[in-house]
Amino acid sequence: KDAAQALAKIASTQKLFVSRGDQSGTHKKEQRLWEQSGATHKGGWYREAGQGMGKVLQITNELNAYTLVDRGTWLAYADKVQLQVMVEGDKRLFNPYGVISINPKRYKDIDYKGATAFTNWITSAATQQQIGAFRIHGKRLFIPNATP
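This text gives an overview of the structure that appears in the document. (Residues numbered from 1 in each chain as written. Predicted model: local features only at pLDDT ≥ 70, side-chain atom pairs only at ≥ 80, totals over all residues. Heavy atoms only, no water.)

**Some thoughts on the overall build of the protein chain**
1) Next: Along the backbone of the protein chain there are six helices and four strands.
2) Next: Starting at the N terminus, the α and β elements of the protein chain follow one another as α-β-α-β-α-α-α-α-β-β.
3) Next: Relative to its length of 148 residues, the protein chain is extended, with a C-alpha radius of gyration of 19 Å against a globular reference of 15 Å.
4) Next: Projecting the C-alpha coordinates of the protein chain onto the three principal axes gives extents of approximately 55 × 40 × 25 Å.
5) Next: The buried share among the 148 residues of the protein chain stands at 28%.
6) Next: Considering only residue pairs separated by 6 or more positions, the protein chain has 55% of its internal contacts joining residues 24 or more positions apart.
7) Next: Carbon and sulfur atoms make up 52% of the accessible area of the protein chain, which amounts to about 10,200 Å² in all. (Helix = DSSP H or I, 4+ residues; strand = E, 2+ residues; numbered from the N terminus. Rg over C-alpha atoms; globule rule 2.2 N^0.38 Å. Buried < 20%, exposed > 50% of the residue type's maximum accessible area, 1.4 Å probe, protein only. Contact = heavy atoms within 4.5 Å. Areas by Shrake-Rupley, 256 points an atom, 1.4 Å probe, with all protein chains shown as cover.)

**Focus on a nonpolar patch on the surface**
1) Next: On the surface, a nonpolar cluster with roughly 350 Å² of combined accessible area is contributed by Tyr97, Phe134 and Phe142.
2) Next: On the secondary structure map, Phe142 appears in the segment after strand 4 (139–140). (Patch = residues over 30% accessible without salt bridge, like charges linked within 9 Å, V, L, I, M, F, W, Y side chains within 5 Å. Salt bridge = Lys/Arg side-chain N within 4 Å of Asp/Glu carboxyl O.)

**Side note on the side chain of His27**
1) Next: Tracing the sequence through the fold places His27 in helix 2 (residues 25–37).
2) Next: Given a relative accessible area of 3%, His27 falls into the buried group.
3) Next: Beyond its immediate chain neighbours, meaning those up to four positions away, His27 contacts Ser19, Arg20, Gly21, Asp22, Tyr46 and Glu48.

**Considerations on the packing of aromatic side chains**
1) Next: Within the structure shown, the criterion is met by seven aromatic pairs.
2) Next: Between Trp45 and Tyr46, the aromatic rings sit 6.1 Å apart at their centres with planes inclined by 75°, giving edge-to-face as the arrangement. Side by side, Trp45 and Tyr46 carry an identical accessibility label, which is buried.
3) Next: Taken together through their ring pairs, the aromatic side chains of Phe17, Trp34, Trp45 and Tyr46 make up a single cluster.
4) Next: Lying over the aromatic face of Tyr77, Lys80 brings its terminal NZ or CZ to 5.0 Å of the ring centre. (Phe/Tyr/Trp six-rings, centres within 6.5 Å; stacked < 30°, edge-to-face > 60°. Lys NZ or Arg CZ within 6 Å of the ring centre and 35° of its normal.)

This is how it looks when you write it as structure tokens:
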């Protein structure tokens, strides 16, 4: 359940780890976790692919390595690779999404009415219910948390 501790263990054994290495949100999350682990992630066992998550999962599978993957990509690829989830549930792995409308007084050329309509729709009880009900391979992908 402790992602940083898991990374420290990987580093101590120098088992192969494949990173996205692309400055994506997932890569930045991984970098923060490495920092929190206190472990050095340098050397031949740590590989930066510079690829998207799907490709990284394929590489990880081919190398029988470890990686950090988002739930959506994992659920889409789980039946295409011979990998298994080793750590989940650590709150540091959570990846909340947010919606923020831009200030129309500061940015006069934006579609504030459209942005407000989208914000109202995405945070509505009906849409939040749909988000919570969305499944891939029978597994929930998102946990709605909008508050009115």
